Amino acid sequence: MSTAQKPERTLIASNKKARHDYTVLKTYEAGIVLAGTEVKSLREGRASLVDAFAQERDGELMLYGLHIAEYGYGTWTNHAPRRTRKLLLHRVEIDRIREKLRDGGFTLVPLSMYFSNGWAKVELALARGRKSYDKRQALAERDAQREIARELGRRLKGRPQRRG
């Protein structure tokens, strides 16, 4: 009998602000087409998803604004840090995403970048932008949930309630 192994995931970069600025509706795991020096730079953890976004171009999904720093030991073969990179998904997934994007109000935002069993992957989110009042409301809800969890933990442990 073979034992099922959990896929190894090594986080390279994450876009923490994306979950604050957008309401995530669905996530996708996409492969990414990279040059050799880009992979070496990613293994050093030198990537930034801050201004990155994905769009459909000629029936394919492309990732714009992803910054992968030049490889320190690279020569003339080094890559351009902010070049456009092709995303790899199944045709059915691409068609569904294109349909949603054409309906309007949606955008494709990269949430994180990681190595999965040696392959570079990007976690993409089909998301809708939040207004400033939505962001404040989400923060208030998160704080309330955190306070509820703390209080519940105190009661379960039998500790007296803190006053303050």
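Below, the structure is looked at part by part. Since the model is a prediction, treat every value here as computed from it, not as a measurement.

With that settled, consider the packing of aromatic side chains. One pass over the full model with this rule turns up 1 aromatic pair. Arranged with centres 5.4 Å apart and planes meeting at 20°, the rings of Phe53 and Tyr64 form a pair that is stacked. Of the two residues, Phe53 sits in strand β4 (residues 53–57) while Tyr64 sits in strand β5 (residues 60–64), which places them 11 residues apart along the sequence. Judged by its relative accessible area of 34%, Phe53 is partly exposed. For the cation-ring pair, Arg9 lies above Tyr114, with the distance from its terminal atom to the ring centre recorded as 4.1 Å. Above the face of the Phe115 ring, Arg43 is positioned so that its terminal group lies 4.2 Å from the ring centre.

Now for the side chain of Asn15. On the secondary structure map, Asn15 appears in the loop between β1 (9–14) and α1 (16–21). Polar contacts involving the side chain of Asn15 include one to the main-chain carbonyl oxygen of Pro110, which spans 3.4 Å.

Procedures and definitions
Residues numbered from 1 in each chain as written. Predicted model: local features only at pLDDT ≥ 70, side-chain atom pairs only at ≥ 80, totals over all residues. Heavy atoms only, no water. Phe/Tyr/Trp six-rings, centres within 6.5 Å; stacked < 30°, edge-to-face > 60°. Helix = DSSP H or I, 4+ residues; strand = E, 2+ residues; numbered from the N terminus. Buried < 20%, exposed > 50% of the residue type's maximum accessible area, 1.4 Å probe, protein only. Lys NZ or Arg CZ within 6 Å of the ring centre and 35° of its normal. Polar contact = N/O pair within 3.5 Å; in protein donor to acceptor, adjacent residues only side chain to side chain.

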